[in-house]
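Now for the letters of each chain:
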Amino acid sequence: MPVKPAMKEIADHIQKTVNELDDNEVDRMVDEILKADSVFVVGAGRSGLVGRSFAMRLVQLGLEAHVVGETTTPAINKGDLLLAVSGSGRTSQVYHVVKIAKEIGVRVLTITSYPKEKVGRLSDHIVKIKGRTKVDIEESYTESTLKGEFASLTPLGTLFEDTVMVFFDGVIARLMVELGKGEKYMKKRHASLEWFY
């Protein structure tokens, strides 16, 4: 059964990423979040879903955070921070949002596996999170097919997205300490109007 091997592959990758994470990049990210008037989060697909969950936790910590593309998202201004999530660093929707933010004069922080791609090149700060992204699949497909290797149990951007989710939760833990706010405070700010089925 592939369930446990897939989970082990994901857990092993996350552990490897923890060991390789650059503490200076993390410190800068925390500083950028704390000094921002508001944090705007952008990502496409599953990366976008991971970003949305991070924005939710920022709000629960009492910070001003918004998700790009929501109908209630206000205008972004120079004192704000745009946090972009793009494993490939090439995602067209994310790139266009980053480009607009830079034209306005907004600081951009990007989470990516490919800092030298077009999203990273426009960013003020980058946190590199390694992961098997769509770029890796495109570049290694022919080679692995010729070798007769089996397909990964973690398709498309799974390793990147799962690792970023865990990384973001680590950043939230750090922000809880920095802000002196615990779970009790966050629970009070948790959504009280939710869907019922």
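Thresholds applied
- Residues numbered from 1 in each chain as written.
- Predicted model: local features only at pLDDT ≥ 70, side-chain atom pairs only at ≥ 80, totals over all residues.
- Heavy atoms only, no water.
- Pairing = 2+ DSSP bridges.
- Helix = DSSP H or I, 4+ residues; strand = E, 2+ residues; numbered from the N terminus.
- Axes fitted to C-alpha atoms, helices over the stretch in contact; angles between N-to-C directions.
- Contact = heavy atoms within 4.5 Å.
- Expected span 1.5 Å × (residues − 1).
- Buried < 20%, exposed > 50% of the residue type's maximum accessible area, 1.4 Å probe, protein only.
- Arc of directions from axis to C-beta.
- Right-handed = clockwise from strand over helix to strand, strands pointing away.

Student: Help me out: how do you make sense of the sheet that holds strand 5 (residues 125-128) in this one?
Tutor: Pairing between the strands of a sheet is mediated by backbone hydrogen bonds and can be parallel or antiparallel. Strands sit in the order 2-1-3-4-5 across an open sheet of five strands; the sheet is parallel. Edge positions in the open sheet fall to strand 2 (65-67) and strand 5, since each of these has one partner strand only. Ignoring which end each strand starts from, the neighbouring axes of this sheet average 20 degrees apart. Relative to strand 5, strand 4 (residues 107-112) runs parallel, the two sharing four bridges. Of the residues in strand 5, the one forming a bridge with Ile111 is Val127. Set on the sheet, helix 3 (residues 45-60) makes contact with strand 1 (39-43), strand 2 and strand 3 (81-85); between it and strand 1 the angle comes to about 160 degrees. Where helix 4 (residues 92-104) meets the sheet, its contacts fall on strand 1, strand 3 and strand 4, and the angle it forms with strand 3 comes to roughly 165 degrees.

Student: I tried to follow helix 4 on my own but got confused; where do I start?
Tutor: Since the α-helix turns once every 3.6 residues, residues separated by three or four places project in the same direction. Its 13 residues give helix 4 an end-to-end C-alpha distance of 19 Å, which sits within 8% of 18 Å, the value for a rise of 1.5 Å per residue. Among all positions of helix 4, only Val94, Tyr95, Val98 and Ala101 are buried. Summarising the axial view, the buried residues of helix 4 lie within an arc of 125 degrees, below the 170-degree limit, and thus occupy one face. Residues of helix 4 that are buried sit in contact with strand 1, strand 3, strand 4 and helix 5 (118-122). Two residues or fewer after helix 4 comes Gly105, characterised by a positive phi angle close to 100 degrees.

Student: Would you mind showing me how to read the side chain of Ser38 here?
Tutor: Its place among the elements puts Ser38 in the loop between helix 2 (23-35) and strand 1. The contact partners of Ser38, leaving out residues within four places of it in the chain, are Glu64, His66, Asp80 and Leu81.

Student: Explain the pairing of strand 1 here, please?
Tutor: Each regular strand carries side chains that alternate between the two faces of the sheet. Counting buried positions along strand 1 gives four out of five residues, so the element sits mostly inside the fold. Strand direction decides the pairing type here: strand 1 and strand 2, joined by three bridges, are parallel. Residue Val41 lies in a different strand from strand 2, and its bridge partner there is Val67. A crossover connection joins strand 1 to the parallel strand 2 through helix 3; in handedness this β-α-β unit is right-handed. Of the strand pairs in this sheet, strand 1 and strand 3 are connected by five bridges, and their pairing is parallel. From the neighbouring strand, Gly43 faces strand 3, where its bridge partner is Val85.

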